[in-house]
Amino acid sequence: MIHMAITPSVEEELEDSKHSMESGTVPDEIFNSESIFELEKETIFKKSWIFLAHESEIPNPGDYVLRHICDDGLIVVRDENEKVRVLSNSCRHQGMEVCRTEKGNTTHFRCPYHGWTYNNSGDLVGVPLEPQAYGQDGLEKEDWRLIEAPKYDTYKGMIFACLTPDGESLETFLGDFTFYLDSYIDRSPNGMEVRGPQRRIVDGNWKLPTINSMGDSYHVAITHHSVAEIGAFGSGDDMGADNDEGGTFSSNQRRPGYEVIAGAGALTFSPSGTAFSNYPEVLRENARQHFSENTFELFFDGNRRPTNCAFFPNTNLNNTSIVYDDGKVAPYTYLRTIRPLGPDKAEVLSWHVVEKDAPESYKERSYQAYLFSFGSSGIVEQDDVENFRGITDVVKGSLNKDLNYQIGMEQEEFEEWEHPGTARKVPLSEANARHYFAQYFDYLRSHSE
Amino acid sequence: MIQEEIREIAGLDDDVRNELEAFLMIESELLDDRRYREWLELLTDEIRYTIPTVEVIEGEHEEQETLLQDDNLFRIKKRIERLETGRAWAEIPPTQTRHLISNVRIRSNGLRNGYDVKSNFLLHFSRREEINNISGERQDLIKQTKNDQWKLDKRYIQIDQNRITANSLSFFI
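Calculation criteria
- Residues numbered from 1 in each chain as written.
- Chains lettered and ligands numbered in written order.
- Predicted model: local features only at pLDDT ≥ 70, side-chain atom pairs only at ≥ 80, totals over all residues.
- Heavy atoms only, no water.
- Phe/Tyr/Trp six-rings, centres within 6.5 Å; stacked < 30°, edge-to-face > 60°.
- Helix = DSSP H or I, 4+ residues; strand = E, 2+ residues; numbered from the N terminus.
- Buried < 20%, exposed > 50% of the residue type's maximum accessible area, 1.4 Å probe, protein only.
- Lys NZ or Arg CZ within 6 Å of the ring centre and 35° of its normal.
- Pairing = 2+ DSSP bridges.
- Contact = heavy atoms within 4.5 Å.
- Buried area = accessible area lost by both parts, 1.4 Å probe.
- Salt bridge = Lys/Arg side-chain N within 4 Å of Asp/Glu carboxyl O.
- Nonpolar A, V, L, I, M, F, W, Y, C, P; charged D, E, K, R; others polar.
- Axes fitted to C-alpha atoms, helices over the stretch in contact; angles between N-to-C directions.

> In this structure, what is going on with the packing of aromatic side chains? I would like to understand it.
To describe a pair of aromatic rings, one takes the distance between the centres and the angle between the planes. Residue and element names in this part refer to chain A. For the structure shown, the criterion picks out 36 aromatic pairs over all chains. Geometrically, the ring pair formed by Tyr334 and Phe374 is tilted, given 4.2 Å between the ring centres and 35° between the ring planes. Of this pair, Tyr334 sits in strand S17 (residues 328–342) while Phe374 sits in the loop between helix H14 (360–373) and helix H15 (381–394), and the two are 40 residues apart along the sequence. When its relative accessible area of 5% is taken as the criterion, Phe374 is described as buried. One residue, Arg195, lies across the ring of Tyr367, its end atom 3.8 Å from the ring centre. Taking NZ or CZ as reference, Arg304 lies 5.9 Å from the ring centre of Tyr258, over its face.

Have a look at this one:
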């Protein structure tokens, strides 16, 4: 039930199932509105699958990390039977947090209030002064397990949870996007691992990084101009730094890439060749063993490779590279998820992703390349964050308007695309962002169901 | 042992202490005044500038340190070059920083002319209407070169935030 006022333009958007897809616009208040945020919590964060952690963060029995879906504190733990569980971090007695450390290893979670003790599967195993409190028959402990997230599941090491028990499975939710997700998180038969997370607050609306990552090829030459200018995007296939006379975009912007939409996500196959630049031969061989010939060629050998991607509602990945030392380029993969703290504030978690059995020297330089570009001190991400912050700040005002996501409305699909989903072979498109909004408004509309 | 440490710190040669403290003061002034090229002159070619995340971990949970920044001279120079392009939007307008350095603890580190210099910092920073600060400890290795110049060879910065409150670390701590 929505108690707060939604503006007429948002109401119209909610009633008209195709509005933003057909108009190519969205009302700007979705990026800074308390009432819309409440609606998002009730719909999207209640019903959608939300990424929480990677299995490599909790490799051993008893390992756990503390994560959130909005305000729901969740313990993501590997129990003594090596099963991953997602448990609500609230004692069944009187609600106190049973886990107050961000990560660790424990056999039991003990509430510091009255001492109720749970094993790491969430079973209540200990109640102090049980006979005195609950009589000779004691307490029926099976009835007082830690609440488990209604649904949780793992895709290729990525652990997700959902706060609604019914609805689609994780694989159905991700749909065809899993095919592309594999180029980020499943490149080797020996598995992949993450390093992180970095955690920080960004004063921006939680949706903006995901919409940007889904397929904003348009912003690169301008937002990241300074990075191109210092030659950090590498030689040859550089993003191009325009001269001061302004004028045309770099040659890359004129060359078409593939903007691909599949399932819950979308991505860009960039013509700039930054994905897997200088990728070690041993890892290429791993990947060649791991993917079909066609898929290997698509991801690694083409002159357009999977770079920035995102899937609904709040998780992004990127395969790219940067000059991290004199004359040296290293590729890296990052994973980023955004937890909303309010309409204008979000917690960003960021990890580096790499093959488990990659040579140590490669892991190190890839990690340095990632730190230099993305994360708190990343010279690429800083300027993106400035955009997210600025948009969120100004759209809070009352002079509301529609935002323009109209690039490529007339584009035709690239019929020769042989892989899952649909593609456009174009230099620029905002179709991927429109795909985000289509899902977004579907979820918001579901509040009346 | 602690009493010996106290005496060691107190008993350090006055000239060395004065020079190293002046080094830290001048270095802060250069950063706050955004005189980055002059600040670069205070770094050795082998400079390593590292900021780990704070991780409070319960029990036996082994893993590699997660870092926020891990720069060598090349990357530091590139950051400065980027600021000089006039198109580093995150720093236009620039962040106003104010480095407050205190609790300087200098120990000889066994090298002939190198000192382990620990200090506490409070970095107050502001950009447009945002006001924020980060506190922490710097663990520096400051060396004296052949021509008697003091240079920073290593800086390891422990910041006092589990979850970073700055949108970006777009400045030097």
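> I would appreciate a short explanation of the pairing of strand S16 (residues 315–325) of chain A in the present structure.
Across a regular strand the side chains alternate sides, sitting on one face of the sheet and then on the other. Residue and element names in this part refer to chain A. Burial runs high along S16: 10 of the 11 residues are buried. Taking the residues between adjacent antiparallel strands as the criterion, strand S15 (residues 305–311) and S16 are bridged by three residues. Where S16 lies against S17, 10 bridges are found, and the strand directions are antiparallel. Among the inter-strand pairings, Asn319 is bridged to a residue of S17, identified as Thr333.

> How do you make sense of the interface of chain A and chain B when you look at a structure like this?
On the side of chain B, 43 residues touch chain A, which itself brings 47 residues to the contact. Counting each side, the surface lost to burial between chain A and chain B is near 4000 Å², with a carbon and sulfur contribution of 45%. Counting the surface chain A buries against chain B, the share from its top three residues, A:Lys103, A:Ile230 and A:Gln382, is 15%. For the pair chain A and chain B, the interface holds six salt bridges. Classifying every residue of the side of chain A that touches chain B gives 15 nonpolar, 13 polar and 19 charged. Judged from the two bridges that link them, strand S6 (residues 103–105) of chain A and strand S2 (residues 57–58) of chain B form a sheet pairing that is parallel. Opposite A:Lys103, over in S2(B), you have B:Ile57 as the bridge partner.

> Sorry, what's going on with the sheet that holds S16(A) here?
To summarise the sheet geometry, strands pair through backbone hydrogen bonds and adopt either a parallel or an antiparallel arrangement. Residues and elements named next belong to chain A. Pairing is antiparallel across the open sheet formed by eight strands, whose spatial order is S12-S18-S17-S16-S15-S14-S13-S20. One side of each edge strand has no neighbouring strand; the edge strands of this open sheet are strand S12 (192–202) and strand S20 (422–426). In this sheet, neighbouring strand axes are inclined to one another by 25° on average, regardless of whether the strands run parallel or antiparallel. Strand contacts of H14: S12, S16, S17 and strand S18 (345–355), with the helix running at about 50° to S17, the strand carrying the most contacts.

> Would you mind going over the pattern of salt bridges with me for this structure?
Pairing between side chains becomes possible if they bear opposite charge and their charged atoms approach one another. Residues and elements named next belong to chain A. Inspection of every chain in the model, using the stated rule, returns 48 salt bridges over all chains. Of the charged contacts, one joins Glu38 and Lys41 as a salt bridge, the two residues approaching to 3.6 Å between their closest N and O atoms. Within this pair, Glu38 and its partner Lys41 are both found in helix H3 (residues 34–42), separated by three residues, close to a single helical turn. For Glu38, a relative accessible area of 27% gives the class partly exposed.

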